[in-house]
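# Fold and contact review
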Amino acid sequence: MTIYMVSIFGGNIAIILLNYFFNANLADLSFWWILAASVIGTIGVIAIDGVFATLIRWCMPNKWYDYKVDFHKVSKKETIIYEKLFIKAWKDKILELGMFTSFSKKKVENPQSREYIERFILECNYGAVIHLADAVFGFLLLLCYMPFSYPMVMSIGMPICIINAILNILPLMILRYNLYRLHKLRDILEKKEKSLLQPPEVSGLWS
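Numbering of residues starts from 1 in each chain and follows the order in which that chain's sequence is written. With the structure being a predicted model, the display of local features is reserved for residues of pLDDT at least 70 and the display and counting of side-chain atom pairs for 80 or more, all residues being used for whole-chain, interface and lining totals. To obtain the side-chain values, all non-hydrogen atoms of the structure were included, while hydrogens and water were left out.

With that settled, consider the overall build of the chain. Along the backbone of the chain there are seven helices and zero strands. Residue burial is assigned from relative accessible area. The probe radius is 1.4 Å, only protein chains are included, and a residue is buried under 20% of its type maximum, exposed over 50%, and partly exposed in between. In the chain, buried positions account for 38% of the 207 residues. The contacts in the chain between residues at least 6 apart in sequence include a share of 79% that link residues at least 24 apart. Summed over its atoms, the accessible surface of the chain is roughly 13000 Å², and 69% of this surface lies on carbon and sulfur atoms. Numbering of helices and strands starts at the N terminus; helices are DSSP runs of H or I of at least 4 residues and strands are runs of E of at least 2. Two residues form a contact once any of their heavy atoms are found within 4.5 Å. Reported accessibility uses the Shrake-Rupley method at a 1.4 Å probe radius. Residues are deemed covered only where the shown protein chains occlude them.

We now examine the confidence of the model for the chain. pLDDT is a residue-level measure of predictor confidence that goes from 0 to 100. Mean pLDDT over the chain: 87, with 86% of residues reaching 70 or higher. Here helix α1 (residues 2-22) stands out as the least confident element of the chain, with mean pLDDT 89; helix α3 (residues 76-84) is the most confident, with 96. Low confidence marks residues 202-207, where pLDDT is under 50. Its contacts with residues over four positions away, or in another chain, come to zero contacts.

Our next topic: the packing of aromatic side chains. Any two of the Phe, Tyr and Trp rings considered here, Trp counted by its six-membered ring, make a pair once their centres fall within 6.5 Å; the pair's planes then place it as stacked at under 30 degrees, edge-to-face at over 60, or tilted in between. Counting across every chain of the model gives eight aromatic pairs. When the centroid spacing of 5.0 Å and the interplanar angle of 80° are considered together, the rings of Tyr20 and Phe21 count as edge-to-face. Judged by centre distance (4.5 Å) and plane angle (5°), the rings of Phe52 and Phe137 are stacked. Taken together, the residues span a long stretch of sequence, with Phe52 in helix α2 (residues 31-59) and Phe137 in helix α5 (residues 114-137) at a distance of 85 residues. Classification of Phe52 as partly exposed rests on a relative accessible area of 22%. Aromatic ring contacts, followed pair by pair, group Tyr20, Phe21, Phe22, Phe31 and Trp32 into a single cluster. Looking at Arg57, its charged tip hangs above the ring of Trp58, at a distance of 5.0 Å from the centre. Think of it as a cone above the ring: NZ of Lys or CZ of Arg counts as a charge over the ring if it is within 6 Å of the ring centre and within 35 degrees of the ring normal.

Salt bridge, as used here: a side-chain nitrogen of Lys or Arg that lies within 4 Å of a carboxyl oxygen of Asp or Glu. Counted under the stated rule, the structure contains ten salt bridges. Between Arg114 and Glu118 there is a salt bridge, with the nearest N and O atoms lying 2.7 Å from each other. Residue Arg114 and its partner Glu118 are located together in helix α5, separated by four residues, close to a single helical turn. For the salt bridge of Glu118 with Arg186, the shortest nitrogen-to-oxygen distance reads 2.9 Å. Taken together, the residues span a long stretch of sequence, with Glu118 in helix α5 and Arg186 in helix α7 (residues 150-197) at a distance of 68 residues. When sorted by exposure, Glu118 lands in the same class as Arg186, which is buried. Connected via shared salt-bridge partners are Arg114, Glu118, Arg186, Asp187, Glu190 and Glu193.

As for its position among the elements, Ile56 is in helix α2. By relative accessible area, which is 5% here, Ile56 ends up buried. Sequence-wise, Ile56 and Ile130 are 74 residues apart; in three dimensions their C-alpha atoms are separated by 6.6 Å. Discounting residues that sit within four places of it in the chain, Ile56 has contacts with Tyr65, Tyr126, Val129, Ile130 and Ala133.

If you want it as structure tokens, here you go:
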């Protein structure tokens, strides 16, 4: 959470100060106008993220995000790309916001079971799509600045959207990276379950 708060507040401060002191295109605006435009824009993009997250999580059926759906599966090549971006060094420092999901270990009788892993995959698939949608549709915020001026769109609206996109892409990468390992673990648990269900070999007992 600290990284998110620092990114949001730090980004806002940078946008406000850089535009107030160095952007000649916004020189006719007061400091308070620039401050309001930046703060309201931040609140607006968070609201957009929340709307799309809620719609995706609660209006789309679980079957679209099931572990069996090939669209959500991650290849080994994709995980290699993330590793080249040093994901192992920073993935534990990024918060993956799960406030819009209903997943809880308490809902699964055995958190080490295949049922738990499949439920975990379901929620990770939802989370990945939510973060991707928020990264893309966050740019709808620019429409709110268009009635004012083009410089405001590019100098205030665009930086806010870019920060929002980055804060969604990072957890998206983490979720995709973890999904590959979750699928491998699910397959292992499934094989173990099948082996336990197989009857013992009895051919040599009667010889």
